[in-house]
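Analysis of the macromolecular model
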Amino acid sequence: MMRKISILDTTLRDGEQSPGASMTREDKVAIARQLVRLNVDVIEAGFPASSPGDFEAVRMVCDAVGDGAVVCALTRAVESDITAAAEALSHAARPRIQTGIGVSESHLRDKLHMTPDECIERIRRTVLFARNLCDDVQFYAEDAARADCAFLARACHAALESGATVINIPDTTGYALPEDFARRIRYLFEQVDGLDEVVLSVHCHDDLGLACALSLAGVAAGASQVDCTINGLGERAGNCALEELVMAIHVHGQEMGVFADVNTRELARTSRLVSSVTGMRVQANKAIVGANAFAHSSGIHQDGVLKNASTYQIIDPVEVGMATSRIVLTARSGHAALEHRLEELGFEFDEDTLDEIYDRFLELADRKREVFDEELESLVGEMGRQSKSIYSLQALQVSTGFPLTPTVTLTLADETGKQHTVATTGDGPINAAYSAVNQIVGVENELLEFDVSAVTHGTDSVGEVYVRISGPEGRVFTGRGADPDIIVSSVRAYLDALNRLLHSQRSESDS
Ligand code: KIV
Ligand code: ZN
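Because the structure is predicted, anything quoted here is derived from the model rather than measured.

Parameters at a glance
Residues numbered from 1 in each chain as written. Chains lettered and ligands numbered in written order. Predicted model: local features only at pLDDT ≥ 70, side-chain atom pairs only at ≥ 80, totals over all residues. Heavy atoms only, no water. Helix = DSSP H or I, 4+ residues; strand = E, 2+ residues; numbered from the N terminus. Contact = heavy atoms within 4.5 Å. Core = buried A, V, L, I, M, F, W, Y, C linked by side-chain atoms within 4.5 Å. Buried < 20%, exposed > 50% of the residue type's maximum accessible area, 1.4 Å probe, protein only. Pairing = 2+ DSSP bridges. Axes fitted to C-alpha atoms, helices over the stretch in contact; angles between N-to-C directions. Near = heavy atom within 4 Å. Polar contact = N/O pair within 3.5 Å; in protein donor to acceptor, adjacent residues only side chain to side chain. Areas by Shrake-Rupley, 256 points an atom, 1.4 Å probe, with all protein chains shown as cover. Nonpolar A, V, L, I, M, F, W, Y, C, P; charged D, E, K, R; others polar. Phe/Tyr/Trp six-rings, centres within 6.5 Å; stacked < 30°, edge-to-face > 60°. Expected span 1.5 Å × (residues − 1). Domains from an automatic or database assignment. Buried area = accessible area lost by both parts, 1.4 Å probe. Salt bridge = Lys/Arg side-chain N within 4 Å of Asp/Glu carboxyl O. Left-handed = near helix turned anticlockwise from the far one by under 90°. 1 Å grid on protein atoms, 1.4 Å probe; cavity = no way out; pocket = protein on both sides within 12 Å on 5 of 7 lines; lining within 4 Å. Points joined across faces, edges and corners; volume = space filled by probe spheres on them.

Examined against the element boundaries, glycine 257 turns out to sit in the loop between α9 (242–256) and β10 (258–259). Through-space distance from the C-alpha of glycine 257 to that of lysine 4 is 8.8 Å; in sequence the pair is 253 residues apart. If we skip the residues at most four places from it in the chain, glycine 257 touches Met1, Met2 and Arg3.

And the structure:
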């Protein structure tokens, strides 16, 4: 009998905790819809008590998801958090509250200033409180991987007795080794009465690069749910990457006696959407969804793959939706063709937005003849981000070459429509353009990272630029821009990050 492993996606909650990965409510709804297409079992939509924005986002995700997945909201072991979560989930067809508390010695002593007995009492009280508001309650034992095993078992037992339906065992700090983690899970099954009658979940972080290995070890020891994020986003080094875990189960499920009911062909698209919405670029050598994940470069490998792909390939790229699309739109493709293709790619837009996308599409198709799916996705992602612009690019003229001094004339419009033009020089064209942007926007920031790559192959591909900047208080913001002209992409990416910085300064001064 094959055991089903439920997939809880926490991209919208733990994933959003990645520095620079903040998402708007609309971004969260778009990702939640895609997670439904991916067929994940549970979507952790946010932490409603943390801010009114997160509260509203959880509500909107519930409406968008319908009964397509369980929608979960995070709380601390605090009654007011739990009440906020229950209210935010009131529209959910299948709501779940996740509540919990630190259970390791250092969490009890240094963070919570509680005795073990007080902690157990708090677990009993708050899980019961949550159960009175929601039939499905997931209890997390924070820092479980470093906790005293006997105390961890006591904590799980208390949560179970108080009505928890899922027990979540996180390796919050990514500390464990797979065999030790598996032993801990087996110990819990042996020691905690009734644990085998509820869902045991694992939630692993990647501080030692072991999150997926730890999650699989947890599954082998009996866990039947894994918390994951798309592209492995998450606090610090991130969480277990959903695409890695799901494909590991896909490849080795038979021998492990498990399966996950995920639509693997949506993995690549989901990864691209999350990357484009958050501005967190996927490294080229990232397993499953990286640009090089299925590229064979050595002559010996290429020879083998041409004779039989399985010589050097354990997964068919088609299985994860990575095969390059051959569907191309051109400037002759009409509105209906574009709409149809967007629908096939999983996008739904109202008429006005479609008109705007069509105009941008035509502009792109005029400049580069053929527009591939990846470029269409990139353009849609870019437009979504630009709709929140405070400053937008109106015109850019660049003069550069060898041995010329790069010179840029740049015009930005602010949100009142007023245009600002600056002409300046720099060490290179991008340096000149960024200095012109800074002269207009006038907000202190430091460029931490700049990355440019081609969306598809060929010299006429759209060039995508990702930047990371830090603002005056050291907070990190990401930006993304896409255009066939990489200086235009570079300016758009920088403006995107600056617009995010400005928005966050505004919302801080409003609250
Ligand atoms: O890492 C962690 O412990 C968590 C819990 C809130 C589940 O994210
Ligand atoms: Zn976590």
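Don't stop here, the text continues.
Let's shift gears to the nonpolar core. If you look at the biggest cluster of nonpolar residues, it comprises 96 residues, and the most contacted ones within it are Ile123 and Ile169. Element by element, the count of residues in this core is highest for helix α6 (residues 149–161), at eight residues. In contact with isoleucine 169, other than residues within four places in its own chain, are Ala144, Leu152, Cys156, Phe181, Ile185, Leu188, Leu200, Ser201, Val202 and His203. Core analysis: the second largest hydrophobic core is formed by 28 residues, Leu410, Phe477, Ala497 and Leu498 among them.

Hydrogen bonds along the backbone pair up the strands of a sheet, which may run parallel or antiparallel. Reading across from one edge, β16-β17-β18 is the order of the three strands in this open sheet, with antiparallel pairing throughout. If you trace the sheet from one side to the other, it starts and ends with β16 (446–454) and β18 (476–483), each paired once. Going from strand to strand, the sheet's axes swing by 15° on average, the running direction of each strand aside. In this sheet, β18 lies alongside strand β17 (residues 463–470) in antiparallel orientation, the contact comprising eight bridges.

Near ligand 1 you find Arg13, Asp14, Leu74, Tyr140, Glu142, Asn168, Pro170, Thr172, His203 and His205, and these make up its full shell. In the environment of ligand 1, an oxygen atom lies 3.0 Å from a nitrogen or oxygen atom belonging to the side chain of arginine 13. Contacts to ligand 1 include threonine 172, whose side-chain N or O atom sits 2.7 Å from an oxygen atom. Expressed as a share of its isolated accessible area of 260 Å², the protein-covered part of ligand 1 is 92%. Of all the secondary-structure elements, those providing two or more residues to the shell around ligand 1 are β6 (137–142) and β7 (166–171). Counted by class, the shell around ligand 1 contains three nonpolar, four polar and three charged residues.

As a further point, take the packing of aromatic side chains. This structure, assessed with the given rule, holds three aromatic pairs. Each ring, one from tyrosine 358 and one from phenylalanine 361, has its centre 6.0 Å from the other, and the planes form 35°; the classification is tilted. Highlighted residues: tyrosine 358 and phenylalanine 361, both in helix α13 (residues 351–368), separated by three residues, approximately one helical turn. With a relative accessible area of 15%, tyrosine 358 lands in the buried category. The exposure class assigned to phenylalanine 361 is buried, which follows from its relative accessible area of 0%. Plain terms: the ring middles of tyrosine 434 and tyrosine 494 are 4.0 Å apart, the flat faces sit at 10° to each other, and that makes the pair stacked.

Relative to the 26 Å expected for 18 residues at 1.5 Å per residue, α13 spans 25 Å between its end C-alpha atoms, a close match to the ideal helical length. Within α13, the full set of buried residues consists of Leu354, Ile357, Tyr358, Arg360, Phe361, Leu364, Ala365 and Lys368. The N-capping residue of α13, defined by a side-chain oxygen 3.3 Å from the backbone nitrogen of aspartate 352, is aspartate 350. Following α13 by one or two positions, arginine 369 has its phi on the positive side, about 60°.

This part takes up the domain arrangement of the chain. One frequent convention defines the size of an interface as the accessible area lost when the parts assemble. Annotation of the chain at the domain level lists domain 1 (3–278), domain 2 (299–384) and domain 3 (389–510). Opposite the 10 residues of domain 2 that make contact, domain 3 presents 13 residues. Where domain 2 abuts domain 3, roughly 990 Å² becomes buried across the two surfaces, and 50% of that area is made up of carbon and sulfur atoms. Three residues, Lys368, Ser378 and Glu382, lead the burial of domain 2 against domain 3; their summed loss comes to 45% of the area buried on that side.

In this section: the sheet that holds strand β8 (residues 199–204). Taken in spatial order, the eight strands of this closed barrel run β2-β3-β4-β5-β6-β7-β8-β9, and their pairing is parallel. Averaged over all pairs of adjacent strands, the angle between strand axes in this sheet comes to 25°, irrespective of strand direction. Here β6 runs beside β7; their pairing, made up of three bridges, is parallel. Within the sheet, the bridge partner assigned to phenylalanine 139 lies in β7 and is isoleucine 167. In the packing of helix α4 (residues 105–112) onto the sheet, the strands contacted are β5 (95–102) and β6, and the crossing angle to β5 comes to about 85°. Sitting on the sheet, α9 is in contact with β2 (6–9) and β9 (225–228), with an inclination near 170° to β2.

The next point concerns the pattern of salt bridges. Taken as a whole, this structure holds 34 salt bridges when the rule is applied. In this structure, the salt-bridge partner of aspartate 136 is arginine 96, at a minimum N-O distance of 2.9 Å. Separated by 40 residues along the polypeptide, aspartate 136 in the loop between α5 (116–133) and β6 and arginine 96 in strand β5 bring together distant segments of the chain. Neither aspartate 136 nor arginine 96 differs from the other in exposure class; each is buried. The partner of arginine 183 in a salt bridge is aspartate 180, with the nearest N and O atoms 3.2 Å apart. Within this pair, arginine 183 and its partner aspartate 180 are both found in helix α7 (residues 178–191), separated by three residues, close to a single helical turn. What makes arginine 183 partly exposed here is its relative accessible area of 46%. Within this structure, Glu266, Arg269, Arg272 and Glu377 form a network of salt bridges that share partners.

Helix α2 (residues 52–65) packs onto helix α1 (residues 25–38) with a crossing angle of 35° between their chain directions and a minimal axis gap of 9 Å. For the pair α1 and α2, the sense of crossing is right-handed. Contacts between α1 and α2 pair Arg25, Glu26, Lys28, Val29, Ala32, Arg33 and Val36 from the former with Gly53, Asp54, Glu56, Ala57, Met60, Val61, Ala64 and Val65 from the latter. Grouping the constituent residues of the contact of α1 with α2 by class yields eight nonpolar, one polar and six charged.

On to the side chain of aspartate 54. Mapped onto the secondary structure, aspartate 54 falls in helix α2. When residues no more than four places from it in sequence are discounted, the contact partners of aspartate 54 are Glu16, Lys28, Gly46, Phe47 and Pro48.

A word on empty space enclosed by the protein. Tallied over the entire structure, the rule returns two cavities of 30 Å³ or more. A volume near 80 Å³ is recorded for the largest cavity. Arg360, Glu363, Leu364, Arg367, Glu375, Ser378, Leu379, Glu382, Val462, Ala482, Asp483 and Pro484 together form the lining of the largest cavity. Split by residue class, the lining of the largest cavity holds five nonpolar, one polar and six charged. Residues lining the lining of the largest cavity come from more than one domain, with at least three contributed by each of domain 2 (299–384) and domain 3 (389–510). Each pocket or cavity is described by its volume, and for the second largest cavity that value is around 50 Å³. Taken together, Gly471, Pro472, Glu473, Arg475, Phe477, Leu501, Ser504, Gln505 and Glu508 form the lining of the second largest cavity.

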